[in-house]
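# Descriptive analysis of the structure
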Amino acid sequence: GRTFEDYAKFLKRYSDMPLVEMDSVEGVKGGKVLLTINFDTCAMMLAFIRNANTSQSVIDVFNMLEDTLTLPVFKRLFPVILTDNGSEFSNPDALEASHATGERRTRIFYCKPYSSWQKPNVENNHLNLRKIFPKGKSMDMVTQEKAALAMSHLNSMCRASLNDIPAIRLFEEIYGKGILEKLGIRLIPAKDVKLMPELICQ
């Protein structure tokens, strides 16, 4: 019940459901890796550094988000998540269930194999992310604080597709203020936005 076809049927039934896409971004094989979560409604992206690209590391991020934001906020932010068939996403039961209460906190669906185009929004945002985290460059020195700084800059960028409104502001209009602050993400003045590797090397 978690295939892309099931996802399409789900969207027909719940057409007003806010959608979220999820993926992983590697530096070098075997090193630290980012979990990326993209909100389709406002192009806002979150990123969380993990020591290894394992299923448990993704579960740990979900549990951290539930604890940090509270379960009701988690359920509001992530009602349905589309991702790929990577091994790090291979335990949907643990991702979907609250580790505190056992109740459903989200629904996980999967793209077809080798069909990254089925989650285009997170993939497109990776083009900006890669300006800060180039392919083939180790992320082993990246902390969560640096990942949050990178997201602060990426999501403060003015984009023509968003009528030159930063994704952070759109996110706050939909979900309210305070959530991003808990995750260490803040609005950067447009003139100070930097999308380059040096941003996280300071």
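The rules we used
- Residues numbered from 1 in each chain as written.
- Predicted model: local features only at pLDDT ≥ 70, side-chain atom pairs only at ≥ 80, totals over all residues.
- Heavy atoms only, no water.
- Helix = DSSP H or I, 4+ residues; strand = E, 2+ residues; numbered from the N terminus.
- Contact = heavy atoms within 4.5 Å.
- Expected span 1.5 Å × (residues − 1).
- Buried < 20%, exposed > 50% of the residue type's maximum accessible area, 1.4 Å probe, protein only.
- Core = buried A, V, L, I, M, F, W, Y, C linked by side-chain atoms within 4.5 Å.
- Phe/Tyr/Trp six-rings, centres within 6.5 Å; stacked < 30°, edge-to-face > 60°.
- Pairing = 2+ DSSP bridges.
- Axes fitted to C-alpha atoms, helices over the stretch in contact; angles between N-to-C directions.

Moving on, we get to the environment of Leu-19. Along the chain, Leu-19 turns up in the loop between helix 1 (4-13) and strand 1 (20-26). Residues Leu-19 and Phe-39, 20 residues apart in the sequence, show an inter-C-alpha distance of 6.4 Å. Ignoring sequence-local partners within four residues, the contact set of Leu-19 consists of Tyr-7, Leu-11, Asn-38, Phe-39, Asp-40 and Val-80.

Attention now moves to helix 2 (residues 55-69). Between its terminal C-alpha atoms helix 2 stretches 21 Å, which fits the 21 Å expected from 15 residues at 1.5 Å a residue. Taken residue by residue, helix 2 has Ser-55, Ser-57, Val-58, Ile-59, Val-61, Phe-62, Asn-63, Leu-65, Glu-66 and Leu-69 as its buried positions. One or two steps after helix 2, the chain reaches Thr-70, where phi turns positive at roughly 85°.

Glancing now at the nonpolar core. Within the largest apolar cluster, 54 residues are counted, with the highest numbers of intra-cluster contacts made by Phe-39, Met-44, Leu-46 and Phe-78. In this structure, Met-44 is in contact with Ile-37, Asn-38, Phe-39, Asn-155, Ala-167, Ile-168, Phe-171, Leu-180 and Ile-185, ignoring residues within four places of it in sequence. The next biggest cluster of nonpolar side chains, apart from the first, holds 7 residues, and it includes Tyr-7, Phe-10, Leu-19 and Val-80.

What follows covers the packing of aromatic side chains. Summed over all chains, the structure comprises 10 aromatic pairs. An angle of 40° between the planes, with centres 4.8 Å apart, marks the rings of Phe-171 and Tyr-175 as tilted. With Phe-171 and Tyr-175 both in helix 7 (residues 167-175) and 4 residues apart, the pair spans about one turn of that helix. On the basis of relative accessible area, Tyr-175 is assigned to the buried category, the value being 8%. A network of ring pairs unites the aromatic residues Phe-39, Phe-62, Phe-74, Phe-78, Phe-171 and Tyr-175 as a single cluster.

Strand order in the open sheet formed by 5 strands is 3-2-1-4-5, and the pairing between neighbours is mixed. Bordering the open sheet on either side are strand 3 (44-50) and strand 5 (107-110), each of which pairs with just one other strand. Going from strand to strand, the sheet's axes swing by 25° on average, the running direction of each strand aside. Bridge analysis of strand 1 against strand 2 (residues 33-39) gives 7 bridges, and the strand direction is antiparallel. Residue pairing in the sheet places Val-25 in a bridge with Leu-34 of strand 2. Each of strand 1, strand 2, strand 3, strand 4 (80-83) and strand 5 touches helix 2; the most contacted strand, strand 3, lies at about 120° to it.

Interpretation note: all reported values are geometric properties and have no functional meaning in isolation.
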